[in-house]
Amino acid sequence: MSALLNEKLEVFMEEFKPKRKNSNYSGSDKTGGQRRAPRQNHQNKAPQENGAPANKPRRRPARPAAAEAAQAPAQSVPAPRPRRPRSTPQGDSQAPHQQRRGRKPQQSSASHYEMTPAIPMHICPLGGLGEVGKNITLYECQGDMILVDCGLVFPDADMFGVDLVIPDFTYVLENKDRIKGLFITHGHEDHIGSLPYLLKKFNVPIYAARLTIGLIKNKLEEHGLASSAIFHEIRPRQKVKLGCFTVEPIHVNHSIPDALAFAIECPAGVVIHTGDFKVDYTPLSGDAVTDLSTIAEYGRKGVLALLSDSTNAERPGFTATEQTVAEGVRGLFAKAGKRRIIVATFASNIYRVQQIIDLAIESGRKVAVSGRSMVSNTEMARELGYLHAPDNVLIQIEEINKYPPEKVVLITTGSQGEPLSALSRMAQASHRQVKVGPNDFIIISARPIPGNEKTVTKVVNGLLALGAEVIYENMYDTHVSGHACQEEQKLMLTLAHPQYFLPVHGEFKQLKRHAETAEHLGYIPKQNIYIAENGQNIRLSADGMAVENTVTAGAVMVDGYGVGDVGNVVLRDRHHLSEDGIIIVTAAVDGSTGQVLSGPDLVSRGFVYVRESEELMDGARVQVEMALDRSLSDNMHDWASVKARVREALSSYIYRKTKRSPMILPILLEV
């Protein structure tokens, strides 16, 4: 009996023995039973009611020693877990004095918390990917939207009759109540060209630099929209807040003044949209250096994504400085000698125009400009202070014949061989004021845009045939690109150090090469580099990147005053007409009997010369008569079916005789 009392006393004293906190010690008590180590996965219980210490470990009935030893963990302090609800599971048989209070969560256990999802933003390119031109990008965060750029692209050779190609604004117009503004990187056509067509439907506020606004106004005046447009002039390092977006313009170097990149800040993070840029350490204008320090500053703070120009992604090294053009053209001025100098360049290339004016002053020549866009842009740039030329140097185009050839420099449009440009009309000897001849020295200070090589060659051939000497393409240093090559792209990637990278502004091969350049740097994981497509709605946050859906995006063709009325069907018909021509069949038919009252008559355009193919046309007429007779004998009065039968019979006959498939248009007049 006394032995039993002693054993109970030892157990009671063991309850009040001090225990080492969080100890994983596991041993035997004095009775020889195996004692369990403190449980690491504690469940929070209700507070003890008997005043026992809250952190006292629970005790359970002893287990067999072998089983307990197998489950004993290594000796280490268990990681605390977040507090759970203070509820006792139903059916818990533990007494209140056996329960313990849960620990307070500690900072070191952050991995156990449920993380709050990062705020996302959406980037939706509506143009400019897989193509050079038509640049427009929509940014969205927390319901607010902004646009960057609104450009066009010139039609391909197979777009017969099309004047311009602009983006599809369907998604923009669907969300116009959420769009706070439109930011323009610079004043080239592939970034501002489609603005008139957007402003006719949605008068969105425009944020752009001073020269860019001047170029846009010149364009809008042609459409009668200059007075109604809403402009806000922006300058580098001056932030603009629209909704949840804060946009900081960053100066970059390009072939036109006032070129900007944008740091777009929103609750999701910072996105840098470079626009067109290059890194020229010796630009013509001292304030034209790309602001690399600001980009690096954002990179140190953290950039969520970088959208960067890919135009020259296939070219290694650095883009040549504009100073090389100045020296190259100076040498050509000396080579021209006593001849008249004609220089063709882009109307928006204000830097190049200023170079030519400066060289003309050095050589004692007068300067005239030709071409509507060249005239309007030079006048506007002079008014705004971007172009400097003494009044006694500039002369009107009508005055050039009053001066000897060695005293004249003519700056003109047409460097891309545009059919209606001033240089093209000179090559065709149809320019009213300028007659090109052996006394002319012509410099084409631009490289052909991909797709324009044939038109440029045609112009060069025409000028050479008239006796002029022509300097074009890479014969001398007459042009440098305004876009970054691979080493400059690497510099931009390194300074910005983005979490995600999306190459933009280029054909797919250029986007692909730019993505490879970023991958080889090693700063950005491959899975964080994405080559997007027009219309993809990209969801971007610190947690990840995904394409949520696809919105309406594509090409809208402008033909004259018609916008969007020329589609794939019309282009297919134009292509068909361009290859094989058309045959129109007309006949008058009695509506009640189906008898042919007159005809059939055949009219051909673009197929054969009728006077030299009378036998072929007579045979075609016989085929039409036979088809109409068969329809009459079958009592067929469905005129659509009759037309189809005529079309099939005539098409089969023409193909057997000529191996051609002209468009056949039957017209039956029911009398």
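Here the structure is a predicted model, which is why all the values come from computation and not from measurement.

Cut-offs used in this document
Residues numbered from 1 in each chain as written. Predicted model: local features only at pLDDT ≥ 70, side-chain atom pairs only at ≥ 80, totals over all residues. Heavy atoms only, no water. Helix = DSSP H or I, 4+ residues; strand = E, 2+ residues; numbered from the N terminus. Areas by Shrake-Rupley, 256 points an atom, 1.4 Å probe, with all protein chains shown as cover. Buried < 20%, exposed > 50% of the residue type's maximum accessible area, 1.4 Å probe, protein only. Pairing = 2+ DSSP bridges. Axes fitted to C-alpha atoms, helices over the stretch in contact; angles between N-to-C directions. Contact = heavy atoms within 4.5 Å. Patch = residues over 30% accessible without salt bridge, like charges linked within 9 Å, V, L, I, M, F, W, Y side chains within 5 Å. Salt bridge = Lys/Arg side-chain N within 4 Å of Asp/Glu carboxyl O. Parallel < 35°, antiparallel > 145°, perpendicular 65-115°, else oblique. Left-handed = near helix turned anticlockwise from the far one by under 90°. Nonpolar A, V, L, I, M, F, W, Y, C, P; charged D, E, K, R; others polar. Phe/Tyr/Trp six-rings, centres within 6.5 Å; stacked < 30°, edge-to-face > 60°. Right-handed = clockwise from strand over helix to strand, strands pointing away. Polar contact = N/O pair within 3.5 Å; in protein donor to acceptor, adjacent residues only side chain to side chain. Expected span 1.5 Å × (residues − 1).

### As for the overall build of the chain
Part 1 of the reasoning: Counting its secondary structure elements, the chain contains 17 helices and 25 strands.
Part 2 of the reasoning: Carbon and sulfur atoms make up 51% of the accessible area of the chain, which amounts to about 33,400 Å² in all.

### Observations regarding the pairing of strand 12 (residues 303-309)
Part 1 of the reasoning: Among the 7 residues of strand 12, 7 are classified as buried, and the element is accordingly described as predominantly covered.
Part 2 of the reasoning: With 3 bridges joining them, strand 11 (residues 269-273) and strand 12 adopt parallel strand pairing. Across the sheet, the residue bridging to Val271 is Ala305, located in strand 12.

### Section: the sheet that holds strand 15 (residues 408-412)
Part 1 of the reasoning: On the basis of which strands lie adjacent, the open sheet formed by 5 strands has the order 14-15-13-16-17 and parallel pairing. Since the sheet does not close on itself, it has two edges, and those belong to strand 14 (366-370) and strand 17 (469-471), each with one partner. Each strand axis lies, on average, 20 degrees off the axis of its neighbour in the sheet, ignoring direction.
Part 2 of the reasoning: Note that strand 13 (residues 340-344) and strand 16 (residues 440-444) share 5 bridges and pair parallel. When the sheet's bridge partners are listed, Val343 is paired in strand 16 with Ile443.
Part 3 of the reasoning: Docked against the sheet, helix 8 (residues 323-336) engages strand 13, strand 15, strand 16 and strand 17, running at close to 165 degrees with respect to strand 16.

### Some thoughts on a nonpolar patch on the surface
Part 1 of the reasoning: A surface patch of nonpolar side chains, amounting to about 240 Å² of accessible area, comprises Leu665, Ile667 and Leu669.
Part 2 of the reasoning: With respect to the helices and strands, Leu665 occurs in strand 25 (residues 663-670).
Part 3 of the reasoning: Using a relative accessible area of 38% as the deciding quantity, one classes Leu665 as partly exposed.

### Thoughts on the environment of Val566
Part 1 of the reasoning: Relative to the elements of secondary structure, Val566 occurs in strand 22 (residues 562-566).
Part 2 of the reasoning: Val566 sits 407 residues away from Met159 along the chain, and the two C-alpha atoms are 9.7 Å apart.
Part 3 of the reasoning: When sequence neighbours within four positions are dropped, the list of residues in contact with Val566 reads Val162, Met557, Asp559, Leu571 and Arg574.

### Let's talk about the packing of helix 16 (residues 614-633) against helix 17 (residues 639-658)
Part 1 of the reasoning: Two elements in contact, helix 16 and helix 17, have axes whose closest approach is 9 Å; the angle formed by their N-to-C orientations is 150 degrees. As far as their axial angle goes, helix 17 and helix 16 are roughly antiparallel. Considering how the two elements wind past one another, helix 16 and helix 17 form a crossing that is right-handed. Here Glu615, Leu616, Gly619, Ala620, Gln623, Val624, Ala627, Leu628, Arg630 and Ser631 of helix 16 lie close against helix 17, whose contacting residues are Val642, Arg645, Val646, Ala649, Leu650, Tyr653, Ile654, Lys657 and Thr658.
Part 2 of the reasoning: Class assignment for the residues of the contact of helix 16 with helix 17 results in 11 nonpolar, 4 polar and 4 charged.

### Overview of the packing of aromatic side chains
Part 1 of the reasoning: As enumerated under the stated definition, the model contains 2 aromatic pairs in all.
Part 2 of the reasoning: Between Phe183 and Tyr207, the ring centres sit 4.9 Å apart and the planes meet at 20 degrees, which makes this aromatic pair stacked. On the criterion of sequence distance, the pair formed by Phe183 in strand 5 (residues 179-183) and Tyr207 in strand 6 (residues 206-208) is long-range, its members being 24 residues apart.
Part 3 of the reasoning: The buried category is assigned to Phe183, whose relative accessible area is 1%.
Part 4 of the reasoning: Taking relative accessible area as the criterion, Tyr207 reaches 9% and is therefore assigned buried.

### Observations concerning the pairing of strand 15
Part 1 of the reasoning: Of all 5 residues making up strand 15, 5 are buried, and the element is well covered by its neighbours.
Part 2 of the reasoning: Judged by which residues are buried, strand 15 turns out to be covered on both faces: Val408, Leu410 and Thr412 on one side and Val409 and Ile411 on the other are all buried.
Part 3 of the reasoning: In the sheet, strand 13 pairs with strand 15 via 4 bridges, with the strands oriented parallel. Note on strand 15: the bridge partner recorded for Ile341 is Val409.
Part 4 of the reasoning: As defined by bridge partners, strand 14 adjoins strand 15 across 5 bridges and the pair is classed as parallel. Each bridged residue has a counterpart across the sheet, and for Ala368 the counterpart in strand 15 is Leu410.
Part 5 of the reasoning: Following the backbone out of strand 14, through helix 10 (residues 372-384) and into the adjacent parallel strand 15, one traces a crossover that is left-handed.

### Focus on the sheet that holds strand 22
Part 1 of the reasoning: Pairing in this open sheet of 3 strands is antiparallel, and the strands run 4-21-22 from one edge to the other. Looking at the sheet topology across the chains shown, the edges are occupied by strand 4 (164-167) and strand 22. Across the sheet, the mean angle separating the axes of adjacent strands is 55 degrees when strand polarity is ignored.
Part 2 of the reasoning: In this fold helix 15 (residues 568-580) packs onto strand 21 (555-559) and strand 22, with an angle of close to 70 degrees to the strand it touches most, strand 22.

### Structural notes on the side chain of Asn218
Part 1 of the reasoning: As for its placement among the helices and strands, Asn218 is situated in helix 6 (residues 210-221).
Part 2 of the reasoning: Taking relative accessible area as the criterion, Asn218 reaches 17% and is therefore assigned buried.
Part 3 of the reasoning: Polar side-chain contacts of Asn218 include one of 3.5 Å to the backbone oxygen of Ser376.
Part 4 of the reasoning: For Asn218, the side chain forms a polar contact with the side chain of Asn377, separated by 3.5 Å.

### Points about helix 9 (residues 350-362)
Part 1 of the reasoning: End to end, helix 9 covers 19 Å across 13 residues, agreeing with the expected 18 Å (1.5 Å per residue, within 8%).
Part 2 of the reasoning: Summarising burial for helix 9: 10 of the 13 residues are buried, a large majority.
Part 3 of the reasoning: Residues of helix 9 that are buried include every one of Ile350, Tyr351, Arg352, Val353, Gln354, Gln355, Ile356, Ile357, Leu359 and Ala360, and no others.
Part 4 of the reasoning: On its buried face, helix 9 is in contact with helix 6, helix 8, strand 13, strand 14, helix 10 and strand 15.
Part 5 of the reasoning: Directly beyond the C-terminal end of helix 9, a positive phi value near 70 degrees is found at Gly364.

### Some words on the pattern of salt bridges
Part 1 of the reasoning: This model, assessed by the stated rule, comprises 20 salt bridges.
Part 2 of the reasoning: Arg237 is the salt-bridge partner of Glu248, the closest N and O atoms lying 2.6 Å from each other. Of this pair, Glu248 sits in strand 9 (residues 245-251) while Arg237 is found in the loop between strand 7 (231-233) and strand 8 (240-242), placing the two residues 11 residues apart along the sequence.
Part 3 of the reasoning: Residue classification places Glu248 among the buried positions, given a relative accessible area of 4%.
Part 4 of the reasoning: Several salt bridges share partner residues, and in doing so they unite Lys278, Glu322 and Arg352 into one network.

### Considering helix 16
Part 1 of the reasoning: Between its first and last C-alpha, helix 16 extends 29 Å over 20 residues, near the 28 Å set by a 1.5 Å rise per residue.
Part 2 of the reasoning: Of all the residues in helix 16, the buried ones are Leu616, Met617, Gly619, Ala620, Gln623, Val624, Ala627, Leu628 and Ser631.
Part 3 of the reasoning: If you follow the buried residues of helix 16, they end up packed against strand 23 (582-589), strand 24 (596-605), helix 17 and strand 25.

### As for unusual backbone geometry
As a rule of thumb, non-glycine residues mostly have phi less than zero, and peptide bonds are mostly trans rather than cis.
Part 1 of the reasoning: A positive phi angle, near 60 degrees, is found at His505, a position not held by glycine.
Part 2 of the reasoning: Even without glycine at this site, Lys659 takes up a positive phi of about 60 degrees.
Part 3 of the reasoning: Looking at the element boundaries, Lys659 is found in the loop between helix 17 and strand 25.

### Brief notes about the environment of Cys141
Part 1 of the reasoning: Here Cys141 lies in strand 2 (residues 136-141).
Part 2 of the reasoning: Its relative accessible area of 0% is what places Cys141 among the buried residues.
Part 3 of the reasoning: Not counting the four nearest positions on each side in its chain, Cys141 is found in contact with Ile119, Pro120, Met121, Cys244, Phe245, Cys266, Pro267 and Ala268.

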